[in-house]
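# Understanding the architecture of this molecule
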Amino acid sequence: MGSRGGSSKTRVSDYYLATHVGVCHGPVEAVLEIKVGEKVAWSGSSSPADGSAVDGHNVKISNEGLFGGNKKEGGVAGTMTVLHGAATQLIPSKIAQFIGLARDKAPGYRGILSLFFHSADGRQGFKWASNNPYLKPLWVKVRSKPGTWYPQKAMIGGDANPMHIIRECLVNTDWGMGAATKFLDDAQMRQVADTLYSEGFGLSLMWAQQDSIESFIAEILRHINGTMCINPSTGKFHFKLIREDYVQATLPAFNRDQGTIRSSQRKGWDETVNEINVSWTNPESEESEVVTVHDPANITIQGAIVADSRDMYGIRNIGLATRVAMREIQAASKPLMQVDVDFDRSAFGLLPGDVIKLVDWKELNFSEIVMRVVTIDYGTPDSMVIRASLVEDVFGQPAVYTALSPDRWQSSAEDPKPIVSWEVMTAPYFMVARLLGETRAQSLTYPAVYPVVMAAPEGGDTNTYVQQAQRGNIAGTGPVWQNSY
């Protein structure tokens with residue numbers, strides 16, 4: 001801590017501290033921003049190319065008025081040495097002096113990104129604040145490029161290609177699953193990477209090891225609407241994006257001779273939603289924001305807003321967030337059919353995410369419907385049954401339904417018939433009071449009364465009636481008929 005004079009009535013206390021902060025697994029491509037107390041203290045790009053990867057890269061920070069200057073909580077100032085964690089990295093001499101070891105005998109802190117905050121003006125420490133002895137939270141924004149595979153499509157703007165992120169999770173031997181590359185279908189993964197690159201579908205998100213790596217991969221797949229499985233034919237990882245990328249006429253078809261439907265159900269309209277709210281991360285503020293889309297047709301059918309939400313925090317572009325919201329509501333607003341089928345072994349080549357046609361399943365009253373494979377169980381080697389769960393594909397054309405035979409249903413509607421059983425009587429007081437209120441009921445003076453008509457319908461489907469009343473015509477040209485309902 002240091003003190004210095006201001007005016008004759010003001011004493012300013014500055015607080016200094018040299019500290020070495022570990023940030024994340026490294027090396028990273030660049031350090032982009034430093035925030036102290038949620039305020040930007042420095043922004044730029046500090047990468048290994050800016051200086052020696054062995055000794056670190058020094059960044060001068062001078063923001064004395066960050067927290068209001070001397071009259072408030074001062075600001076920050078000093079030197080930040082960025083240690084990217086290279087394999088040959090040595091710590092700076094100043095850190096070695098603090099811990100009392102020679103540089104070549106001290107830990108190198110290799111494999112992690114760390115920041116050493118100190119001063120280059122003769123002071124021992126980095127200035128963190130004035131007039132307030134409490135350290136404010138430190139935030140570091142970094143950019144990490146996933147691996148070295150397929151570098152041409154690795155980055156999409158300032159974000160990473162999701163296929164590259166997943167691949168790094170699978171093969172990284174330090175923090176990932178450590179899978180051998182022979183278990184990856186390189187050509188097929190490049191196709192997925194190409195599609196995501198053409199869509200501009202970049203993601204930036206952090207795995208803090210608070211959940212399993214499998215859950216983190218599942219989160220990425222949820223963002224991009226994709227599937228991952230082991231292809232039993234090759235023994236390799238297989239990826240599939242749920243997209244409108246097929247021609248219905250060329251889809252593999254399965255009929256009743258190849259399987260048995262165990263169960264089927266179609267969602268009711270009351271099980272659908274017509275508003276989707278997608279949360280995304282605004283890179284300017286690093287705060288969550290929301291885009292909302294609606295399905296007007298579904299709103300009309302249900303007569304009300306039925307909302308649901310999706311957390312897509314890895315998206316950092318409002319245009320992409322809007323496209324994902326449209327994708328989500330397209331499926332959530334439709335009453336899609338779900339079917340569980342026991343196929344014979346002809347379905348062995350099917351994988352999760354594949355699209356097929358069910359044809360001529362007459363017990364369900366359609367001749368053709370496009371379905372997407374959700375899950376599939378190939379059974380044991382000696383099993384003759386392959387169990388699959390299917391859902392009607394949102395991109396498919398409407399199902400072709402078979403016509404019902406005339407003898408299965410006949411209309412019960414009847415033509416209107418005149419009422420032959422009826423009676424007119426004076427309405428009792430309690431009926432008038434209930435229908436019109438006691439004030440109007442008591443306002444009548446005898447012999448004035450309210451008439452009431454009682455009638456029995458002749459038809460079984462009668463649900464309304466028309467009552468005609470005759471009154472005199474003051475012109476003397478005949479009676480006038482007046483309808484009442």
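On a predicted model such as this, the values are computed, not experimentally measured, just so you know.

Enumeration according to the criterion identifies 17 salt bridges in this entry. For Arg 327, the salt bridge identified is with Glu 328, shortest N-O distance 2.8 Å. We classify Arg 327 as buried; its relative accessible area is 15%. Residue classification places Glu 328 among the buried residues on the basis of a relative accessible area of 15%. Overlapping salt bridges, with partners in common, bring together Asp 308, Arg 310, Arg 327 and Glu 328 in one network.

Taken together, the 3 strands give an open sheet; going across it, the order is E18-E17-E19, and neighbouring strands pair in mixed fashion. Across the chains shown, the open sheet's two edge strands, defined by having one partner strand only, are strand E18 (287-294) and strand E19 (307-311). The mean angle between the axes of side-by-side strands here comes to 25 degrees, regardless of whether they run parallel or antiparallel. By the bridge criterion, 5 bridges tie strand E17 (residues 275-282) to E19 in an arrangement that is parallel. Following the sheet pairing, Val 278 is matched in E19 by Arg 310. Lying over the sheet, helix H6 (residues 318-332) contacts E17, E18 and E19, oriented at roughly 155 degrees with respect to E17.

Summary statistics for the chain give a mean pLDDT of 85 and a share of 87% for residues scoring 70 or more. Per-residue pLDDT, averaged within each element of the chain, yields its smallest value for strand E24 (residues 400-401) (54) and its largest for helix H3 (residues 186-199) (96). The low-confidence segment residues 402-407, where pLDDT is below 50, has 4 contacts with residues more than four positions distant or belonging to other chains.

A word on the environment of Arg 256. Summarising the element assignment, Arg 256 is placed in the loop between strand E15 (253-254) and strand E16 (259-266). For the pair formed by Arg 256 and Val 359, sequence separation is 103 residues and the distance between their alpha carbons is 7.8 Å. Not counting residues within four places of it along the chain, the set of residues in contact with Arg 256 comprises Val 359, Asp 360, Trp 361, Lys 362 and Glu 363.

This next bit is on the nonpolar core. One finds Met 163, Ile 166, Leu 170, Phe 239 and Ile 315 to be the most contacted residues of the largest nonpolar core, which totals 42 residues. Non-local contacts of Phe 239, meaning those with residues more than four positions away in its chain, are made with Met 163, Ile 166, Leu 170, Gln 188, Met 189, Val 192, Thr 227 and Met 228. Counting 22 residues, the second-largest nonpolar core is a separate cluster that includes Leu 351, Leu 358, Ile 376 and Ile 386.

Spatial ordering of the open sheet is given by E5-E4-E10, a layout of 3 strands whose pairing is antiparallel. The open sheet has two free edges, formed respectively by strand E5 (39-46) and strand E10 (138-143), since each of these has just one partner strand. Shown here is a sheet whose adjacent strand axes are inclined to one another by a mean of 15 degrees, direction ignored. Where strand E4 (residues 30-36) meets E5, 5 bridges bridge the pair, whose relative direction is antiparallel. Bridge pairing links Glu 33 to Ser 43 in E5.

Parameters and conventions
Residues numbered from 1 in each chain as written. Predicted model: local features only at pLDDT ≥ 70, side-chain atom pairs only at ≥ 80, totals over all residues. Heavy atoms only, no water. Salt bridge = Lys/Arg side-chain N within 4 Å of Asp/Glu carboxyl O. Buried < 20%, exposed > 50% of the residue type's maximum accessible area, 1.4 Å probe, protein only. Pairing = 2+ DSSP bridges. Helix = DSSP H or I, 4+ residues; strand = E, 2+ residues; numbered from the N terminus. Axes fitted to C-alpha atoms, helices over the stretch in contact; angles between N-to-C directions. Contact = heavy atoms within 4.5 Å. pLDDT = per-residue confidence, 0-100. Core = buried A, V, L, I, M, F, W, Y, C linked by side-chain atoms within 4.5 Å.

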